[in-house]
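Survey of secondary and tertiary structure
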Amino acid sequence: MTAESGIGASVRRKEDRRFITGNGRYTDDLNRPGQTYAFFVRSPHAHARIKRVDTTKASKMPGVVAIFTGKDVADSKVGGLICGWLIKSKDGSPHKAPPHPIIALDTVRHVGDQVAVVIGETLAQARDAAEQVQVEYEVLPAVVDPKDAAAKGAPQVHADAPGNLCYDWELGDKAATEAAFAKAHHVAKLDLVNNRLIPNAMEPRAAVAEYDFGTDSYTVWSTSQNPHVLKLLLCAFVLQVPEHKMRVIAPDVGGGFGSKIFNYPEETVCTWASRQIRRPVKWTAERSESFLTDAHGRDHVTHVELALDKAGKFLAMRVDTHANLGAYLSTFATSVPTYLYAPLLAGPYTTPQLYIEVKGVFTHTTPVDAYRGAGRPEATYLLERIVETAAREMKIDPAELRRRNFIPPDAFPYQTPVIQQYDIGNYHASLDKALEMIDYKGFPARRAQSEKKGKRRGIGFSSYIEACGIAPSAAVGALGGGVGLWESGQVRFNPTGSVTIHTGSHSHGQGHETTFAQIVADKLGVPIENIEVVHGDTDKTAFGMGTYGSRSLAVGGSAIVKACDKIVAKAKKIAAHMLEAAVEDIEHERGVFKVSGTDKSVNIAQIAFSAYVPHNYPADVEPGLDETAFYDPLNFSFPAGTHICEVEVDPDTGIVDIAKWVAVDDFGTVINPMVVEGQVHGGIAQGVGQALLETCVYDKQSGQLLTGSYMDYCMPRADDLPSFEVGMTTTPSPLNPLGVKGCGEAGAIAAPPALINAVTDALGIKHLDMPASPEKVWRAAQANRPRMAAE
Amino acid sequence: MYAFNYHRPGSLAEATKLIAANTEAKLLAGGQTLIPTLKQRLAQPGDVIDLGGIAELKGIKVEGGSVVIGAMTRHGEVASSAEVKKAIPALAALAGGIGDPQVRNLGTIGGSIANSDPAADYPAAALGLGATIHTSKRQIPADKFFTGMFETALEEGEIIVKVAFPAPKRAAYQKFENPASRYAIVGVLVAETANGVRVAVTGAAPSVFRWTEAEAALGKSFAAGALDGLKAKADGLNADIHASAEYRAHLIGVMARRAVAACG
Ligand SMILES: Cc1cc2nc3c(=O)[nH]c(=O)nc-3n(C[C@H](O)[C@H](O)[C@H](O)COP(=O)(O)OP(=O)(O)OC[C@H]3O[C@@H](n4cnc5c(N)ncnc54)[C@H](O)[C@@H]3O)c2cc1C
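Just so we're clear, the structure is a prediction, and the values are computed from it rather than from any experiment. (Residues numbered from 1 in each chain as written. Chains lettered and ligands numbered in written order. Predicted model: local features only at pLDDT ≥ 70, side-chain atom pairs only at ≥ 80, totals over all residues. Heavy atoms only, no water.)

Brief notes about the overall build of chain B
Within chain B, the regular secondary structure consists of eleven helices and 14 strands. Over its C-alpha atoms chain B spans a radius of gyration of 18 Å, differing by no more than 12% from the 18 Å that the globule rule assigns to 264 residues. Taken along its principal axes, the extent of the C-alpha atoms in chain B is 55 × 45 × 30 Å. Burial analysis of chain B (264 residues in total) assigns 53% to the buried set. The contacts in chain B between residues at least 6 apart in sequence include a share of 58% that link residues at least 24 apart. (Helix = DSSP H or I, 4+ residues; strand = E, 2+ residues; numbered from the N terminus. Rg over C-alpha atoms; globule rule 2.2 N^0.38 Å. Buried < 20%, exposed > 50% of the residue type's maximum accessible area, 1.4 Å probe, protein only. Contact = heavy atoms within 4.5 Å.)

Here it is as structure tokens:
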């Protein structure tokens, strides 16, 4: 049994029964007795002073229960939303943290900023009344681009952040970097934009909040990736509610990609309002609201330079980035373009010196925060574009240039010049395997073939590394993080031998219910169908930190292993008693407890029964078989690998066709290969989305969102993607008990540079900003007509 | 959506009477444009007249060398119709390239043509094949039907009954899709008909139009090469975040050449 369902088995996902049959239970599926509906009045302007909010007419509309404005919220002494990661500028000053009211008070700072909330008996009534809320605005000039916002004379987003600067941060040794540049044989340079993305989880954000007057407590159902963290923020920082008086439940959640980590105004308003009106309040985002208010991703403008010696060894790299933070600081916004970005610029390479400067800038746009990969896609894109550029300029084969600079497999643990110490890896192995899988040698022939058809073919590499499994609490604290990033796990045996696992992480598509069950099946020999995973309810599970940063398995899975270890230790004592042997003589393997050198044994189910019906039981052992562990990781984990893709460009239309995609990843130990492949596929799809199709566009003058629906914002579809060839190499992490590293973000991190490297190779041009949309590619193809290879 | 009165007449006569009595009412066909408009509260009709219950608006017939398609015929039915595939394969292929399966199972030819979306596909077929639009009042040649962006020759209370497409000698449609919406950024239908070559372009301008220079060139020699060196003018073409007027002008040429090549 365990062999087919333990670690390494492609077990079919347990959760798919309910998802595929339409029996998932999402926040919006929930309805509470006496429930009301919230509808938000939102700003149509990117920047305006609110002169007057008149609710007189709206209040008289049928079905209106209450209308609240920013003033009502301010009067009740509700705090603003907070940003939980302190970044210090070069001069040591803390980042600017302007107020982030849950309903705007006197100024709106992005299109979609909430100005009032109407609560109605029905959603339609709330909406009808919301149309009658009269808001008088004095429209002010807006700025949407991070470089424009940092320029002199730009419209100011917050009075207390002069020059729209949140922070001016640096990492690395500036002097040593300059010195290395001075000795360089070649310096490659690029200016590039990491395009802004809108997350687009399939399930929009939603909340149902209920205040119970009798117990003076709240229950909040919310589309959260981390219900415990949301509860902590709501209680201790915003609403001033004692933590034991709130329960947060994140039921089935339909995708997050980072956008559901954060504490948003909407669920906060619903929670607060449920107490004002003493009735449950429900809110579900419409898709247009998702576009306008889900925290966006990326949005960097960067200049990068790479110094190389004659042999192509990297000497140093310097980076200057303007990162758009949007109008307000979202929950972890400050960390994404700093500590989740700059340290990763070392990549898989031995570059001895790096110097990175990042200006975090406010603009009149939706807040920007972590989105699948969070900082690491930005770093990898930059690094792999500049490495490719250097290879072309120095006429060194791009695979060879990477190989010359990889950290060798015997150099681990490897301390980079920018914070991280990599535990283990073998970057050469992934690259070699990827080259073989794509048949690199056959590329010139394939290119000639394409050219015969009038197409232009290119090949692109991306050798990435990422920091996952976030993260050791002490390290996070030292870097300014306001939380610990451990995880909890509980393994609870029932008297009949079945198991309930409680985890503080949260599954919103990752397949925890299967993967975590496999760990326990493997460790304790329990059939997988006898294991249930419980998550997402602060009253049911121990405090936990949730799911993001590819941390669930490396941190949450490790906590479960630790809980299993405790179960085994206790079970050994019970087994010794049952078998009338000494504890030291009990051996354990996959749920079978045996007296060493004999055939006397009991299994875990028998032990569990004895623990709950302790009629004949050791006197010094507590009844019950239920253990909890908290696991704080020793380090980040460092998945790495190489993706290579080939594209065929139609120079007549600018259409880019992805002809081949090879992904070779090292995720350490793999628990469920099928789940991992699924994560890789999804990640690449998102990366292809960024590189070819997706981009968030604001009008520069008015600050209006021009890509506010699927008519203009292009999500990748199945037929935009090729069939991916996925391969693995494995160096198990020595730093966690499973040897795992995390796989959730790799595809989204690796894919964009692979694609743009391939497109620019096909076109014979230095650079093209993402997305490589047809018109841009067509223009580049016209401007740079072929190398006359085949003719 | 605002509240409205819902009507479902059983005959064209009844529908005509209803709409004549209330010109502010909206006709509902497949609802693929109207329903989202209502949901977003961009329109507030007091009455909606659903054409779904009128048998005489449905169905496909081939009569006298023409394919006649009832206004309420769904795109999916046209795409999969053996008769259409035989008589005008380009028309079936065009219908099969509209939207996605859900849209094709509900969207109708009458709704599409009445809507005259600048990026819609059917207008290219109607104009390129020289179709005749039969309404509750009269017959309108396609050349006179599409008058502007979301504008047609339809008068108040006039209902499209059917569209008659004369079968061409050969025809083909090539569409360059908007990557996001998958409507046409540029769609070109080229047809060799009994009355000469017709080239209709959709997506590129505020309304579907005929590219007369290309028609003249192809009239002399019906081959993709005949269009070499011929450039559509960018003046007056649409420009948006997906495609500039210049790019659209270029794509008209590319799609036209590909359509000619596809005619075989
Ligand atoms: C996601 C999506 C993708 C799409 N992609 C494409 C595409 O790629 N290409 C394309 O061409 N189209 C596309 N469409 C449009 C769709 O195919 C329909 O053609 C269009 O929505 C209108 O047809 P309908 O039957 O839905 O009309 P409705 O939405 O019901 O009506 C549209 C308008 O026409 C009027 N009307 C309807 N029937 C008549 C009649 N018989 N007489 C007079 N007036 C009438 C209505 O009053 C209304 O004003 C897409 C739509 C969606 C939702």
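A look at the overall build of chain A
What chain A contains, in helices and strands, is 21 helices and 28 strands. Since a compact globule built from 791 residues should have a radius of gyration of about 28 Å, the 27 Å found for chain A is in line with a globular shape. With the C-alpha coordinates aligned to their principal axes, the bounding extent of chain A is approximately 85 × 75 × 50 Å. Expressed as a percentage of its 791 residues, the buried residues of chain A come to 62%. Carbon and sulfur atoms form 53% of the exposed surface of chain A, whose accessible area is close to 27,800 Å². Within chain A, the 92 negative side-chain charges are centred at a point lying 3 Å from the centre of the 79 positive side-chain charges. (Areas by Shrake-Rupley, 256 points an atom, 1.4 Å probe, with all protein chains shown as cover. Lys, Arg positive; Asp, Glu negative; His and termini not counted. Charge placed at Lys NZ, Arg CZ, Asp CG, Glu CD.)

Notes on helix α5 (residues 123–131) of chain A
Residues of α5 of chain A that are buried: Ala126, Arg127, Ala129 and Ala130 of chain A. Take α5 of chain A and look down its axis: the buried residues cluster within an arc of 165 degrees, on one side only. As for α5 of chain A, its buried residues are in contact with β1 (36–42), α3 (56–59), β3 (64–69) and β5 (114–120) of chain A together with α2 (34–39) of chain B. (Arc of directions from axis to C-beta.)

What to know about the site of the ligand
Residues and elements named next belong to chain B. Looking at the ligand, there are 29 residues lining it, with Leu27, Gly31, Gln32, Thr33 and Thr108 nearest. Here an oxygen atom of the ligand sits 2.8 Å away from a polar atom, N or O, in the main chain of Ala29. Between the ligand and Gly99 there is a distance of 3.1 Å, counted from an oxygen atom to a backbone nitrogen or oxygen. Taking 970 Å² as the accessible area of the ligand by itself, protein coverage stands at 89%. At the level of elements, β2 (26–28) and α7 (109–115) are the ones that each hand at least two residues to the shell around the ligand. By residue class, the composition of the shell around the ligand is 13 nonpolar, eleven polar and five charged. Here the shell around the ligand gathers at least three residues from each of two domains, domain 1 (1–52) and domain 2 (170–263). (Near = heavy atom within 4 Å. Polar contact = N/O pair within 3.5 Å; in protein donor to acceptor, adjacent residues only side chain to side chain. Nonpolar A, V, L, I, M, F, W, Y, C, P; charged D, E, K, R; others polar. Domains from an automatic or database assignment.)

Topic: the interface of chain B and chain A
One widely used convention gives an interface's size as the accessible area the parts lose upon coming together. At the interface, 22 residues of chain B touch 24 residues of chain A. For the pairing of chain B and chain A, the buried interface totals around 1,800 Å² over both sides, and the portion due to carbon and sulfur atoms is 50%. Per-residue buried area on chain B facing chain A is highest for Arg41, Arg182 and Tyr247 of chain B; these three make up 30% of the total on that side. Summed over the shared surface of chain B and chain A, the number is seven salt bridges. (Buried area = accessible area lost by both parts, 1.4 Å probe. Salt bridge = Lys/Arg side-chain N within 4 Å of Asp/Glu carboxyl O.)

Thoughts on the pattern of salt bridges
All names here are of chain A. The final tally for this structure, using the stated rule, is 66 salt bridges over all chains. For Glu393, the salt bridge identified is with Lys766, shortest N-O distance 3.6 Å. On the criterion of sequence distance, the pair formed by Glu393 in helix α11 (residues 376–394) and Lys766 in the loop between α20 (746–763) and α21 (774–783) is long-range, its members being 373 residues apart. With relative accessibility at 33%, the residue Glu393 sits in the partly exposed group. In this structure Lys766 comes out as partly exposed when scored by relative accessible area, which is 40%. The partner of Lys453 in a salt bridge is Glu648, with the nearest N and O atoms 3.0 Å apart. Here Lys453 is found in the loop between α14 (443–452) and β18 (456–465), whereas its partner Glu648 is found in strand β26 (residues 640–649), with 195 residues between them in sequence. A residue is classified by how much of its surface remains accessible, and Glu648, at 9% relative accessible area, is buried. Beyond isolated ion pairs, a larger network of salt bridges with shared partners links Asp439, Arg446, Lys453, Arg457, Glu646 and Glu648.

Observations regarding the pairing of strand β12 (residues 281–284) of chain A
Residues and elements named next belong to chain A. Pairing of β1 with β12, which is carried by two bridges, proceeds in the parallel orientation. Along β12, the bridge assignment pairs Thr36 with Val281. Examined bridge by bridge, strand β9 (residues 206–212) and β12 share four bridges and lie antiparallel to one another. Following the sheet pairing, Ala206 is matched in β12 by Thr284. (Pairing = 2+ DSSP bridges.)

Quick word on the nonpolar core
Residues and elements named next belong to chain A. If you look at the biggest cluster of nonpolar residues, it comprises 125 residues, and the most contacted ones within it are Trp661 and Leu755. The greatest single-element share of this core, amounting to eleven residues, is contributed by α20. Here this core spans two domains, since at least three of its residues come from each of domain 1 (27–140 + 200–293) and domain 2 (300–470 + 635–783). Val491, Leu524, Ala554 and Ala559 belong to the second largest nonpolar core, which has 47 residues in total. (Core = buried A, V, L, I, M, F, W, Y, C linked by side-chain atoms within 4.5 Å.)

Quick notes on the pairing of strand β27 (residues 656–666) of chain A
Residue and element names in this part refer to chain A. The buried fraction of β27 is high, at eight of eleven residues. One ladder, built from ten bridges, connects β26 with β27; its direction is antiparallel. Across the sheet, the residue bridging to His643 is Ala663, located in β27. Linkage of β26 to β27, two consecutive antiparallel strands, is achieved through a turn of six residues, within which Gly654 is found at a positive phi near 85 degrees. Pairing analysis gives four bridges linking β27 to strand β28 (residues 725–728), with the strands arranged parallel.

Section: the packing of aromatic side chains
Residue and element names in this part refer to chain A. Applying the stated criterion to the full structure yields 23 aromatic pairs over all chains. Aromatic pair Phe68 and Trp272: ring centres 4.8 Å apart, planes at 70 degrees, arrangement edge-to-face. Placement of the pair is Phe68 in strand β3 and Trp272 in helix α9 (residues 265–277), with a sequence separation of 204 residues. Each of the two residues, Phe68 as well as Trp272, counts as buried. Three or more aromatic residues joined by ring pairs make a cluster, and in this case those are Phe314, Tyr349, Phe406, Phe412 and Tyr427. Directly above the ring of Tyr264 sits Arg205, whose terminal nitrogen or CZ lies 3.5 Å from the centroid. For the cation-ring pair, Arg278 lies above Phe213, with the distance from its terminal atom to the ring centre recorded as 3.8 Å. (Phe/Tyr/Trp six-rings, centres within 6.5 Å; stacked < 30°, edge-to-face > 60°. Lys NZ or Arg CZ within 6 Å of the ring centre and 35° of its normal.)

Some points on the domain arrangement of chain B
By the assigned domains, chain B splits into domain 1 (1–52) and domain 2 (170–263). Between the C-alpha centres of domain 1 of chain B and domain 2 of chain B the distance comes to 34 Å.

Some thoughts on the confidence of the model for chain B
Of all residues in chain B, 100% attain a pLDDT of 70 or more, and the chain-wide mean is 97. On the interface metric, ipTM, the complex scores 0.96, and its pTM is 0.96. (pLDDT = per-residue confidence, 0-100.)

Some details on unusual backbone geometry
In this chain, Ile470 of chain A is followed by Ala471 of chain A through a cis amide linkage whose omega measures -10 degrees. For Ala471 of chain A, the position within the fold is in the loop between β18 and α15 (473–478). Of note, the bond from Met770 of chain A into Pro771 of chain A is cis; its omega dihedral lies within 30 degrees of zero at -10 degrees. Here Pro771 of chain A shows up in the loop between α20 and α21. With a phi angle near 60 degrees, Phe257 of chain A is a residue other than glycine that sits in the positive phi range. You can see Phe257 of chain A is positioned in the loop between β11 (246–249) and α9. Phi is positive for Arg41 of chain B, close to 60 degrees, though the residue is something other than glycine.

Focus on a negative patch on the surface
Together, Glu584, Asp585, Glu587 and Glu589 of chain A make up a negatively charged patch on the protein surface. Mapped onto the elements, Asp585 of chain A comes out in the loop between α17 (552–579) and β22 (586–589). (Patch = residues over 30% accessible without salt bridge, like charges linked within 9 Å, V, L, I, M, F, W, Y side chains within 5 Å.)

Considering α9 of chain A
All names here are of chain A. In this model, α9 (13 residues) spans 18 Å end to end at C-alpha, consistent with the 18 Å of a helix rising 1.5 Å per residue. In terms of residue burial, α9 counts as a mostly covered element, since eleven of its 13 residues are buried. Burial in α9 covers these residues: Pro265, Glu266, Glu267, Thr268, Val269, Cys270, Thr271, Trp272, Ala273, Ser274 and Ile277. Of the residues one or two after α9, Arg278 is the one with positive phi, at around 55 degrees. (Expected span 1.5 Å × (residues − 1).)

Quick notes on the domain arrangement of chain A
Residues and elements named next belong to chain A. For chain A, the assigned domains are domain 1 (27–140 + 200–293), domain 2 (300–470 + 635–783) and domain 3 (486–631). For domain 2 and domain 3, the distance between their C-alpha centroids amounts to 39 Å. In this complex, domain 2 contributes 20 residues to the contact, which on the side of domain 3 involves 19 residues. For domain 2, the biggest contributors to the area lost against domain 3 are Ile671, Pro737 and Leu738; these three give 37% of the whole. Connecting domain 2 to domain 3 are zero salt bridges. On the surface where domain 2 and domain 3 come into contact, there are eight residue pairs in polar contact (both at pLDDT 80 or more). Looking at the side of domain 2 that touches domain 3 residue by residue, the class counts come to nine nonpolar, seven polar and four charged.

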